[in-house]
Amino acid sequence: MTETNTSPTALSDTELERYARHIVLPEIGGAGQQKLKKARVLVIGAGGLGAPVLSYLAAAGIGTLGVIDDDTVSLSNLQRQVIHDTGSVGMEKVESARASILRINPHVTVETHVKRLDEENAAGIIAAYDIVVDGSDNFATRYLLADTCAAVERPLVTAAVGRFDGSLTVLKPFERDGDGNPLPGYRHLFPEPPPAGLVPSCAEAGIVGALTGVMGTLEAMEVIKLITGAGEPLIGRLLLYDALAARFETVKYRRRAG
Amino acid sequence: MKLTVNGEERRVTATTLAALLDELDYAPDFLATARNGELVRAGERILCTLDEGDRIEILSPMQGG
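Heads up: these notes are all about the structure in this document. Bear in mind that the values here come from a model prediction, so they are computed numbers and not experimental data.

Regarding empty space enclosed by the protein
Residue and element names in this part refer to chain A.
Item 1. All chains considered together, the criterion is met by three cavities of 30 Å³ or more.
Item 2. Of the volumes computed, that of the largest cavity is approximately 110 Å³.
Item 3. Taken together, 14 residues form the lining of the largest cavity, with Thr 158, Ala 160, Ser 167, Tyr 186 and Phe 190 sitting closest to its centre.
Item 4. Elements with a minimum of two residues in the lining of the largest cavity: helix 7 (139-151), strand 5 (156-162) and strand 6 (165-171).
Item 5. A class-by-class count of the residues in the lining of the largest cavity yields ten nonpolar, three polar and one charged.

Here it is in structure tokens:
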């Protein structure tokens with residue numbers, strides 16, 4: 001046993017074995033795995049997107065996962081929200097998620113928030129984390145989250161799904177690109193939310209569970225890239241996934257008036 | 001003119017992105033549009049002229065998670 005190293009991000013023998021396939025990657029390695037262990041990631045919503053995000057980030061060894069959701073698990077969630085199971089119907093989603101995360105990886109610290117994000121609590125909760133992941137299911141939360149993350153300067157990995165389509169991007173509007181231009185924010189893609197009722201929710205329009213799995217897993221990948229510095233994060237690019245056609249498309253966007 | 005709209009080949013008469021949305025019966029508000037992989041803002045669509053073979057994406061905002 002080598003649990004004697006007192007650095008909070010030092011990796012024990014069991015952790016080194018658990019994360020061996022990360023550590024062998026030059027882009028991550030032991031240093032990257034320690035960054036993952038040190039990281040505090042907040043996931044908004046323990047639903048269709050949140051389930052794969054939380055599962056893969058837990059397995060990847062993120063040190064602290066925050067989960068915010070005010071809902072309980074219902075039977076119609078289980079077709080896609082694979083972090084919950086039949087036995088967790090009726091439980092608070094954050095508690096069901098906590099149990100799943102700890103089953104996957106007991107090294108993760110889970111912080112649960114049984115509430116909805118609102119104007120009052122958003123900045124305080126978000127500022128306590130390094131990176132935020134959007135797995136919410138409504139425009140009001142999506143815009144509040146994007147605006148608050150921009151204001152308190154936290155990177156936001158955001159994805160959304162509808163029926164057979166998904167979209168994903170990474171937002172750091174408080175930073176500048178290599179040429180000194182400020183990076184774009186969510187409102188540079190979609191300036192204003194559509195009026196209530198114009199765009200159907202998943203409950204109204206339907207959603208294939210595997211689609212939330214694809215998009216949530218892509219979100220988890222972007223989080224791991226942001227923390228370890230591996231590769232090029234999906235900043236200033238919107239990734240679109242058209243599941244019916246099996247087609248990925250990338251759209252570049254910038255911060256610009258007009 | 002032949003375009004690829006959301007991955008599907010379409011033959012259209014529109015010569016600007018704004019006219020294309022009209023021709024294809026999209027309500028233009030709240031959509032994101034892109035031509036050949038670059039976002040085109042709502043205010044720029046009327047000046048965005050289309051060329052044969054352009055790849056156009058018309059994206060409705062999604063809220064699901």
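Focus on the environment of Ile 46 of chain B
All names here are of chain B.
Item 1. As for its placement among the helices and strands, Ile 46 is situated in the loop between strand 4 (38-40) and strand 5 (55-59).
Item 2. Residue classification places Ile 46 among the exposed residues on the basis of a relative accessible area of 59%.
Item 3. Distance from Ile 46 to Ala 19, taken between C-alpha atoms, is 7.3 Å for residues 27 residues apart in sequence.
Item 4. Those residues in contact with Ile 46 that lie beyond four places of it in its chain are Thr 16 and Ala 18.

Describing helix 4 (residues 50-60) of chain A
Residue and element names in this part refer to chain A.
Item 1. Most of helix 4 sits inside the fold, with nine of its eleven residues counted as buried.
Item 2. Regarding helix 4, the residues found buried are Gly 50, Ala 51, Pro 52, Val 53, Leu 54, Ser 55, Leu 57, Ala 58 and Ala 60.
Item 3. Remark: Gly 61 follows helix 4 within two positions and exhibits a positive phi of approximately 90°.

Details of the interface of chain B and chain A
Item 1. The partner chain A presents 42 residues to the 19 residues of chain B that form the contact.
Item 2. For the chain B and chain A pair, buried surface summed over both sides reaches about 2,400 Å², with 54% attributable to carbon and sulfur atoms.
Item 3. Contact with chain A buries area across many residues of chain B, yet Arg 41, Met 62 and Gln 63 of chain B alone supply 32% of it, more than any other trio.
Item 4. Here chain B and chain A share three salt bridges between them.
Item 5. Between Arg 254 of chain A and Glu 38 of chain B there is a salt bridge, with the nearest N and O atoms lying 3.8 Å from each other.
Item 6. In this assembly, chain B and chain A are joined by 16 residue pairs in polar contact (both at pLDDT 80 or more).
Item 7. The set of elements that each furnish at least two residues to the side of chain B that touches chain A consists of strand 3 (32-35), strand 4 and strand 5 of chain B.
Item 8. It is strand 5 of chain B that contributes the most residues to the side of chain B that touches chain A, three residues altogether.
Item 9. Within the side of chain B that touches chain A, the residues separate by chemical class into seven nonpolar, seven polar and five charged.

Here's the deal with the layout of surface pockets
Item 1. Roughly 970 Å³ of volume is contained in the largest pocket.
Item 2. Among the secondary structure elements, those contributing two or more residues to the lining of the largest pocket are strand 5, strand 6, helix 8 (202-205), strand 7 (237-242) and strand 8 (247-252) of chain A together with strand 2 (8-11) and strand 5 of chain B.
Item 3. In the lining of the largest pocket, the residues fall into 21 nonpolar, nine polar and nine charged.
Item 4. As a volume, the second largest pocket reaches approximately 520 Å³.
Item 5. The wall of the second largest pocket is formed by 29 residues, among which Asp 69, Asp 71, Lys 93, Ser 136 and Asp 137 of chain A lie closest to the centre.

Overview of the pairing of strand 2 (residues 64-68) of chain A
All names here are of chain A.
Item 1. Among the five residues that make up strand 2, five are buried, leaving the element largely enclosed by the rest of the structure.
Item 2. Taking every second residue as pointing to the same face, both faces of strand 2 are buried, with Thr 64, Gly 66 and Ile 68 on one and Leu 65 and Val 67 on the other.
Item 3. Judged from the five bridges that link them, strand 1 (residues 40-44) and strand 2 form a sheet pairing that is parallel. Bridging from a neighbouring strand, Val 41 pairs with Leu 65 of strand 2.
Item 4. In this view, the connection linking strand 1 to its parallel neighbour strand 2 by way of helix 4 has right-handed handedness.
Item 5. The sheet contact formed by strand 2 and strand 3 (residues 109-113) spans five bridges and is parallel. Counted as the bridge partner of Thr 64 is Thr 109 from strand 3.
Item 6. Of the crossover connections in this fold, the one passing from strand 2 over helix 5 (residues 93-104) to the parallel strand 3 is right-handed.

Cut-offs used in this document
Residues numbered from 1 in each chain as written. Chains lettered and ligands numbered in written order. Predicted model: local features only at pLDDT ≥ 70, side-chain atom pairs only at ≥ 80, totals over all residues. Heavy atoms only, no water. 1 Å grid on protein atoms, 1.4 Å probe; cavity = no way out; pocket = protein on both sides within 12 Å on 5 of 7 lines; lining within 4 Å. Points joined across faces, edges and corners; volume = space filled by probe spheres on them. Helix = DSSP H or I, 4+ residues; strand = E, 2+ residues; numbered from the N terminus. Nonpolar A, V, L, I, M, F, W, Y, C, P; charged D, E, K, R; others polar. Buried < 20%, exposed > 50% of the residue type's maximum accessible area, 1.4 Å probe, protein only. Contact = heavy atoms within 4.5 Å. Buried area = accessible area lost by both parts, 1.4 Å probe. Salt bridge = Lys/Arg side-chain N within 4 Å of Asp/Glu carboxyl O. Polar contact = N/O pair within 3.5 Å; in protein donor to acceptor, adjacent residues only side chain to side chain. Pairing = 2+ DSSP bridges. Right-handed = clockwise from strand over helix to strand, strands pointing away.

Geometric descriptors of this kind do not, in isolation, establish any biological role.
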